[in-house]
Structure formats: structure tokens, C-alpha cells
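Read off the chains here:
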Amino acid sequence: ETGVTQSPTHLIKTRGQQVTLRCSSQSGHNTVSWYQQALGQGPQFIFQYYREEENGRGNFPPRFSGLQFPNYSSELNVNALELDDSALYLCASSPQAANTEAFFGQGTRLTVV
Amino acid sequence: AQSVTQLDSQVPVFEEAPVELRCNYSSSVSVYLFWYVQYPNQGLQLLLKYLSGSTLVESINGFEAEFNKSQTSFHLRKPSVHISDTAEYFCAVSDPGGYNKLIFGAGTRLAVHP
């Protein structure tokens, strides 16, 4: 059984660019959530996808968008990057949308310069 | 709205000493409670969780936490720490009636010294 995998592990982008981060959920999990963890802070919920539909969203602007594919993998897209978007982006998968344990990937470290 | 307060940003402790990491939450509804651990340059690993039932929950590596509804707390304890316990610890809550959105505290850095 493979765990949650994220790619890439590190990324450097220029302000104003667009970025796509990828996540493969754990086998058997149909729910994926994305979190942003700024340096020295706890993770902040961005949004969740359940069976390819957005199932909830945190306090993030529309330039943060996502997709979930039929195999339950997911993408996080961020447009018009700002310096404050520099953070560790974490993906978590769960067996279902209801509240159970969330399994986290290693994260993607995004640096915006 | 739910929120989580971790009262200590850093906790230094000597090896084999006991430790308590404090967590208080604010919620108008019942909650699920979690402790996650993050080692350097890694993602989060679930340490333990409270969903229902016994208010004292334990992890496989000697940590325990007690849910105290009247004090809205979920403090994490270990009677004897090891160097390998050095990490960032995050307390989190979620709403049992909603989707699986975790609200995290700011984290407590546990530094175990020899």
C-alpha cells in the first residue's frame, strides 16, 4: 500500500507566475485536502475534493484552484503568485469525506521570488 | 468558529524527563481532536486522536493525551522523552458533523537535550 505522494518536492517561481502542484492519494482514499503551511505556522486549510468535486474551501482567494481526477489524484493550481504564497503545501488523503484520520504527504516547498 | 491555541511555542526538556504540551480549543459544537508530529523537512504524521469514548488516548510510542471537555483542553504528555522525540507538534480539531477539515494550532517545538 503506497502512501500519499506529492510532486515536486521543491519549486522556485517568480512573482506573477502560475504553479501546479500534484498529489497522489493513498490507495483506497477518495478524499483529498490541501493545506498551506507558512514558515513557523500551523497548516491552513485551502480546500477539499471528494469524488472529483470541491467539498469545502477555506479562506483563500479564487486564484487558488484545484482538480481531482477519476483515480482520486489531485492538483493544486495557484495563479498570479505572490511573495506571501511561499510556503510548504501539504496534501492529505482520507478514506472518505467524513471525519476520520487524514494521511499527509511530505509536502511541496514553494518559494516565490 | 473553531480555533486551537497551543500555549507554548517552544518546550526545551532534558532526555528522560517528563513533558506536557498544552492545547486548548474553542468550539460551540462537539469536536474531534488530534495531535500530529512533524519532523524536519517532512509532512505531518498522526500521533493520536480522540473521536469518542475514553477521554484518555495513547500512541504506540508512549505519548498520551486526555480530552477535558469542561476545560476544552487536549494536552499531550509523555513520562520520559527521548532525543528522537525532538520535532514540531501540532494540535488540531475538526467538526464531526462536517467534512474532514482540520484546524491546526501554531505548533509547539519540542527540543530534547542530552
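Summary of the structure given here. Computed from a predicted model, the values in this text were never measured in an experiment.

1. Points about the nonpolar core
No. 1: Counting residues in each nonpolar core, the largest one holds 27 residues, and the members touching the most others are L33, W35, L47, L48, F74, L76 and Y89 of chain B.
No. 2: Take this core: its biggest share by element is four residues, from strand β10 (residues 87–94) of chain B.
No. 3: Counting residues in hydrophobic clusters, the runner-up holds 19 residues, among them F47, Y49, F64 and L110 of chain A.

2. So, the interface of chain B and chain A
No. 1: Of the residues lining the interface, 22 residues belong to chain B; the matching set on chain A comes to 24 residues.
No. 2: When the two sides are added together, the surface that chain B and chain A hide from each other amounts to roughly 1,700 Å², 49% of it contributed by carbon and sulfur.
No. 3: When residues of chain B are sorted by the area they lose upon contact with chain A, L44, Y99 and N100 of chain B head the list and together hold 35% of the total.
No. 4: Connecting chain B to chain A are four residue pairs in polar contact (both at pLDDT 80 or more).
No. 5: For the side of chain B that touches chain A, the elements supplying multiple residues, two or more each, are β5 (32–38), β6 (44–50) and β10 of chain B.
No. 6: Take the side of chain B that touches chain A: its biggest share by element is four residues, from β5 of chain B.
No. 7: Considered class by class, the residues forming the side of chain B that touches chain A number eleven nonpolar, eight polar and three charged.

3. Remarks on unusual backbone geometry
No. 1: The step from S7 of chain A to P8 of chain A runs through a cis peptide bond, and the omega angle for that step is -10°.
No. 2: Position of P8 of chain A among the secondary structure elements: in the loop between β1 (5–7) and β2 (10–13).
No. 3: Located in the positive-phi region is E52 of chain A, a residue other than glycine, with phi close to 75°.
No. 4: In this structure, E52 of chain A sits in the loop between β5 (44–50) and β6 (53–57).
No. 5: Judged by its relative accessible area of 38%, E52 of chain A falls in the partly exposed class.
No. 6: Despite not being glycine, T72 of chain B shows a phi value in the positive range, around 45°.
No. 7: Within the secondary structure, T72 of chain B is located in the loop between β8 (64–68) and β9 (73–78).
No. 8: With relative accessibility at 27%, the residue T72 of chain B sits in the partly exposed group.

4. Concerning the state of the cysteines
No. 1: By the definition in use, this model includes two disulfides over all chains.
No. 2: One disulfide bridge connects C23 of chain A with C91 of chain A, the sulfur atoms lying 1.8 Å from each other. The sign of the S-S torsion, about -60°, decides the handedness of the disulfide formed by C23 of chain A and C91 of chain A: left-handed. Taken together, the residues span a long stretch of sequence, with C23 of chain A in strand β3 (residues 19–24) and C91 of chain A in strand β9 (residues 87–94) at a distance of 68 residues. Comparing C23 of chain A with C91 of chain A, the two get one shared label, buried.
No. 3: The disulfide partner of C23 of chain B is C91 of chain B, and the S-S distance across this bridge is 2.0 Å. With the S-S dihedral at roughly -65°, the linkage between C23 of chain B and C91 of chain B falls on the left-handed side. With a gap of 68 residues between them, C23 of chain B in strand β4 (residues 23–26) and C91 of chain B in strand β10 connect regions that are remote in the sequence.
No. 4: Residue class for C91 of chain B comes out buried when judged on its relative accessible area of 0%.

Conventions and cut-offs
Residues numbered from 1 in each chain as written. Chains lettered and ligands numbered in written order. Predicted model: local features only at pLDDT ≥ 70, side-chain atom pairs only at ≥ 80, totals over all residues. Heavy atoms only, no water. Core = buried A, V, L, I, M, F, W, Y, C linked by side-chain atoms within 4.5 Å. Buried < 20%, exposed > 50% of the residue type's maximum accessible area, 1.4 Å probe, protein only. Helix = DSSP H or I, 4+ residues; strand = E, 2+ residues; numbered from the N terminus. Contact = heavy atoms within 4.5 Å. Buried area = accessible area lost by both parts, 1.4 Å probe. Polar contact = N/O pair within 3.5 Å; in protein donor to acceptor, adjacent residues only side chain to side chain. Nonpolar A, V, L, I, M, F, W, Y, C, P; charged D, E, K, R; others polar. Disulfide = S-S within 2.5 Å.

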